[in-house]
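# Observations on chain architecture
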Amino acid sequence: MSKRDGRPSWDQYFMEIAHLVAKRSTCRRRQVGAVLVKNKRILATGYNGAPSGLQHCLEAGCLREELGIPSGQRLEICRGIHAEQNAIIQAALHGVSTEGSTLYCTDQPCSQCTKMLINAGVKEIIYVNDYPDDLALQLLEEAKLPIRKWAPESFLDSPMNEG
C-alpha cells in the first residue's frame, strides 16, 4: 500500500490480479495465474488448464497425479497448458507484442515457460511461490532476465510504484 493514500502499489495491484486469474485454473494440483504488463497496462492474462475446447483436468482427471509424478518433473505428461504459456498465447492471438513486458505470476515459471518467456522478450519476472526447477533459474541467469520473489516491502522503491 502507498504510505500517502492507502492505494495498492502497481506491483501489488498486478500481483493481486494474478491471484484472481489463478482462480480460473482447472488444474487439480496447482492453480497458477499470470499477467503480462507493460507501461502499467495489462497486455494479457493466463491461467493453467486444458487447451480450449478440451475436457478440463477437473473432469478428465490428472495422469501426473495418478502416476505419482512429483511437481517439477515430467511436465510433458500433462494435458494442461501453463498460465505463462496461456498469457503469451493470448497476446499472440490478439496481435499484442510482449517485448519489454513484465510477468507477474503466482508461481515461479518452470523451464519450459522460462524458455518461452525469454523468447517472448519479457524483461522481468515477479512471482510468489517457488517451483522446484533449477534449470529454469539457470536459464534465467544465462539470459540475464531478472526474476524476483514477491515481497511487498521490496516494492516500496520500485519504479512501477511511481504514480
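Residues numbered from 1 in each chain as written. Predicted model: local features only at pLDDT ≥ 70, side-chain atom pairs only at ≥ 80, totals over all residues. Heavy atoms only, no water.

### Some points on the side chain of serine 101
In this fold, serine 101 is placed in the loop between α4 (83-93) and β3 (102-107). A distance of 2.7 Å separates a polar atom in the side chain of serine 101 from the backbone oxygen of threonine 98. In this structure serine 101 touches Leu36, Val37, Lys38, Leu43, Gly121, Val122, Lys123 and Glu124, once residues within four positions along its chain are discounted. (Helix = DSSP H or I, 4+ residues; strand = E, 2+ residues; numbered from the N terminus. Polar contact = N/O pair within 3.5 Å; in protein donor to acceptor, adjacent residues only side chain to side chain. Contact = heavy atoms within 4.5 Å.)

### Side note on the pairing of β3
Side-chain positions along a regular strand alternate between the two faces of the sheet. Of all six residues that make up β3, six are buried, and the element is covered over most of its length. With four bridges joining them, strand β1 (residues 33-38) and β3 adopt antiparallel strand pairing. The partner of leucine 36 across the bridge, within β3, is leucine 103. Where β3 meets strand β4 (residues 124-129), five bridges bridge the pair, whose relative direction is parallel. Each bridged residue has a counterpart across the sheet, and for aspartate 107 the counterpart in β4 is asparagine 129. Of the crossover connections in this fold, the one passing from β3 over helix α5 (residues 111-119) to the parallel β4 is right-handed. (Buried < 20%, exposed > 50% of the residue type's maximum accessible area, 1.4 Å probe, protein only. Pairing = 2+ DSSP bridges. Right-handed = clockwise from strand over helix to strand, strands pointing away.)

### Concerning the sheet that holds strand β2 (residues 41-47)
What the five strands build is an open sheet, ordered β2-β1-β3-β4-β5; its pairing is mixed. Each end of this open sheet is capped by a strand with a single partner; those strands are β2 and β5 (147-149). Each adjacent strand pair in this sheet contributes to an overall mean axis angle of 20°, direction not counted. (Axes fitted to C-alpha atoms, helices over the stretch in contact; angles between N-to-C directions.)

### Some details on the side chain of aspartate 133
By the element assignment, aspartate 133 lies in the loop between β4 and α6 (134-143). An unpaired buried charge is present at aspartate 133: no salt bridge exists, and lysine 115, the closest side chain of opposite charge, is 8.5 Å distant. Among the polar contacts made by the side chain of aspartate 133, one reaches the main-chain amide nitrogen of leucine 135 at a distance of 3.2 Å. Filtering out sequence-adjacent residues up to four positions away, aspartate 133 remains in contact with Gln108, Cys110 and Ser111. (Lys, Arg positive; Asp, Glu negative; His and termini not counted. Salt bridge = Lys/Arg side-chain N within 4 Å of Asp/Glu carboxyl O.)

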